[in-house]
Amino acid sequence: MKFTPIAASILCSRLGFISLALVPMSALAASFDIDSRVTQVLVYPDQAWIQRQAQIDLPVGTHELYFRNLSSQSNMQSASFEAKGNASMQILNQGVESQDNQRYPNPRLSALQKELDEQEVRIAELRDELDVIDHQLELLRSMREGLATANQPLTMQEIEQMQSYSRTSYTQLHKERRDLSQRMKMAEDKLAEVKEDYDAYLAQQGQQSYAYRVTVHVDKAGQQTLDLSYYSWAASWVPSYQLQYDSQSHALALDYAAQLSQHTAEDWQDITIAFSTGRPMQVGVVPELDPQYIRFRPERPTLTRERSAMAPAPMAMNAAPAMVEMASDASVQSKAASRPQAQIQADAVASTFIIASKVTIPSGPQQQTVHISSSEQTVKPEYAYYPGFWADKVLMTVEGKNTLAYPLLPGALLSFADGKLVGSGELPMLLPGQSFKQMLGEDQRILAKAEPMKRFEENSGLINQTKVVRTEQSYSLSNQGQEVIALTVYGVMPKSQHEDIKVSVLDPKGVKLDEFGRYQQVLNLKPHDKQTFTQTYTVE
């Protein structure tokens, strides 16, 4: 690695005599720009621990080592430097400097700038070739016009020769022009793509970045392995999940992955990566709790004022049930080949997933998916019908549990049934062994339809007349599949909260209502069978 001396080491004798002549050339201070690369990353939900490594041959003497182009979102107060080699090294001091990225450009930006320049040169060359062909075509047209207006008439043979030459030349030139135009379009598209990457990296890096400086002294020349680690806020991760259900084997596979955001303005090439569920916190003095007192509130004087019309109370926002996003049959998820499982290190504070193989993570706005683990269990599906919410849909649900030895954090969930995307949603926090009931989506083999509601009113009693309102709501369910389906109806009937109001449930018969009027009813639908059930009640 090349280096440039920047200052001389000054040796002071016990008598205070300063002499540069006594200092050997090898002891003069030298500056090295360290060509390091990211080798290990531990990603947390809100930041990442990054380790860089480089190897360098250092001569004897005192030297300043610079790790440049570190992201401005790096927490350089957390930086730690280590070195190992065949000679002892003394670390004299360390510091952080802010550097201008125009003076010290990012290597990735420099490579992109070089690619931009090359593409622009290539496009200019193609334009020149197009201009040459256009001039040749114009020359052919001028020759034909000149011969056509010549004073001396052409013979038939000359005309045929001219036509043949023009036809051949025109055909060849137009073919070359089409080929050049296509190559020009490809070059311009490539230029736009590189320009987009360049702008994205430039936006990530900003105008300033950090340079970490380490002053060291070595007594013996030799190779040193340098490690610099620090935390960065430019990388984070969130969990994501995929549920894969096989209706033939009733197997439910849960794929656990990390959605990684990485915008450090530096691509991570072939790194060892791990994900932690913990969150490093800032520690300091233990907080001292302030006392809390309870006392009588002093009475306030009563103010007499003119009554005014009361403003209407703000309407409460009713939380509607989350609708499962359905997808068409065209969205097919092929069953993936087996993937290596991450090594798990679980303790009382957090779980850490060490990815088995090395990965490459580019810097950019797009999230990267890294597989963590997979688990599989046998479940019993349930076909559920909620007439009060989705009168035209029958939903398929499965009940399982977290069979892993570590908690599953909340995260986005995609559900697949027989290789087809059937819904999306969120997986809640699941502790080890905790059960969950997950809605997979709509089962389109069962057609559901709500009939128009019927309402009747009548009066009873001669002296104390009572008004009776009878309500009937019918639903039809049709099994279009080839197997018997046990369908559970989750219904609710109205309940009275006043002693003068009587509610009587007439249909469905034989069901047990809970304190809120909810009930469950199981219907067995044979293949190509259609059944109708009714909810009927009276209010008097």
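Rules used throughout
- Residues numbered from 1 in each chain as written.
- Predicted model: local features only at pLDDT ≥ 70, side-chain atom pairs only at ≥ 80, totals over all residues.
- Heavy atoms only, no water.
- Pairing = 2+ DSSP bridges.
- Helix = DSSP H or I, 4+ residues; strand = E, 2+ residues; numbered from the N terminus.
- Axes fitted to C-alpha atoms, helices over the stretch in contact; angles between N-to-C directions.
- 1 Å grid on protein atoms, 1.4 Å probe; cavity = no way out; pocket = protein on both sides within 12 Å on 5 of 7 lines; lining within 4 Å.
- Points joined across faces, edges and corners; volume = space filled by probe spheres on them.
- Phe/Tyr/Trp six-rings, centres within 6.5 Å; stacked < 30°, edge-to-face > 60°.
- Buried < 20%, exposed > 50% of the residue type's maximum accessible area, 1.4 Å probe, protein only.
- Lys NZ or Arg CZ within 6 Å of the ring centre and 35° of its normal.
- Salt bridge = Lys/Arg side-chain N within 4 Å of Asp/Glu carboxyl O.
- Polar contact = N/O pair within 3.5 Å; in protein donor to acceptor, adjacent residues only side chain to side chain.
- Contact = heavy atoms within 4.5 Å.
- Core = buried A, V, L, I, M, F, W, Y, C linked by side-chain atoms within 4.5 Å.
- pLDDT = per-residue confidence, 0-100.

A. Just the sheet that holds strand β21 (residues 435–442), in detail. One open sheet accounts for five strands, arranged β21-β18-β17-β25-β27; its pairing is mixed. Strands with a single pairing partner mark the edges of an open sheet, and in this sheet they are β21 and β27 (518–525). Between one strand and the next, the sheet's axes are offset by a mean angle of 35°, whatever the strand orientation.

B. Summary view of the sheet that holds strand β16 (residues 364–378). Sheet architecture is open: five strands sit in the order β16-β11-β10-β19-β20, paired in mixed fashion. Edge positions in the sheet fall to β16 and β20 (420–427), since each of these pairs with one other strand and no more. Across the sheet, the axes of successive neighbouring strands diverge by a mean angle of 20°, strand direction being ignored. By the bridge criterion, twelve bridges tie strand β10 (residues 235–246) to strand β11 (residues 251–262) in an arrangement that is antiparallel. Bridge pairing in β11 links D246 to A251.

C. Geometry of empty space enclosed by the protein. Applying the stated criterion across every chain, the model contains three cavities of 30 Å³ or more. The space that makes up the largest cavity amounts to roughly 60 Å³. As for the largest cavity, its lining consists of V38, I50, R52, N69, L70, S71, S74, Y230, S232, T264, E266 and W268. Contributions of two or more residues to the lining of the largest cavity are made by β4 (48–58), β5 (61–70) and β9 (222–232).

D. Fine view of the packing of aromatic side chains. As enumerated under the stated definition, the model contains 13 aromatic pairs in all. Centroid distance Y385 to Y475: 6.1 Å. Interplanar angle 80°. Geometry classified as edge-to-face. Note that Y385 is positioned in strand β17 (residues 381–385) and Y475 in strand β24 (residues 466–479), a separation of 90 residues in sequence. Both residues of the pair, Y385 and Y475, count as buried. In this structure, R68 packs its charged tip against the face of Y66, placed 4.4 Å from the ring centre.

E. Seen up close, the pattern of salt bridges. Within this structure, the stated rule accounts for 19 salt bridges. The closest approach of N and O atoms between K393 and D392, which form a salt bridge, is 3.7 Å. A relative accessible area of 19% places K393 in the buried class.

F. Summary view of the side chain of Q51. Considering the arrangement of structural elements, one finds Q51 in strand β4. Among the polar contacts listed, one links the side chain of Q51 to the side chain of Q40, at a separation of 2.8 Å. In contact with Q51, not counting residues within four places along its chain, are R37, V38, T39, Q40, D227, L228 and S229.

G. Examining the nonpolar core more closely. Counting residues in each nonpolar core, the largest one holds 75 residues, and the members touching the most others are F81 and F275. With near-sequence residues (within four places) excluded, F275 lies in contact with L42, V43, W237, A258, L260, S351, T352, F353, I355 and V370. Core analysis: the second largest hydrophobic core is formed by 17 residues, L109, L130, Y170 and L191 among them.

H. Representation of the confidence of the model for the chain in the model. Averaged over every residue, the pLDDT of the chain is 80; residues scoring 70 or more account for 77%. Put simply, strand β1 (residues 4–5) is where the chain has its lowest mean pLDDT, 34, and strand β3 (residues 37–43) is where it has its highest, 96. Predicted confidence for residues 1–28 stays below pLDDT 50, and this span has 45 contacts to residues more than four positions away or in other chains.

I. Molecular detail of the environment of H528. Of note, H528 is situated in the loop between β27 and β28 (530–539). Sequence-wise, H528 and S478 are 50 residues apart; in three dimensions their C-alpha atoms are separated by 6.7 Å. Setting aside its immediate chain neighbours within four residues, H528 contacts N479, Q480, G481 and Q482. Only 3.5 Å separates the side chain of H528 from the side chain of Q482, close enough to count as a polar contact.

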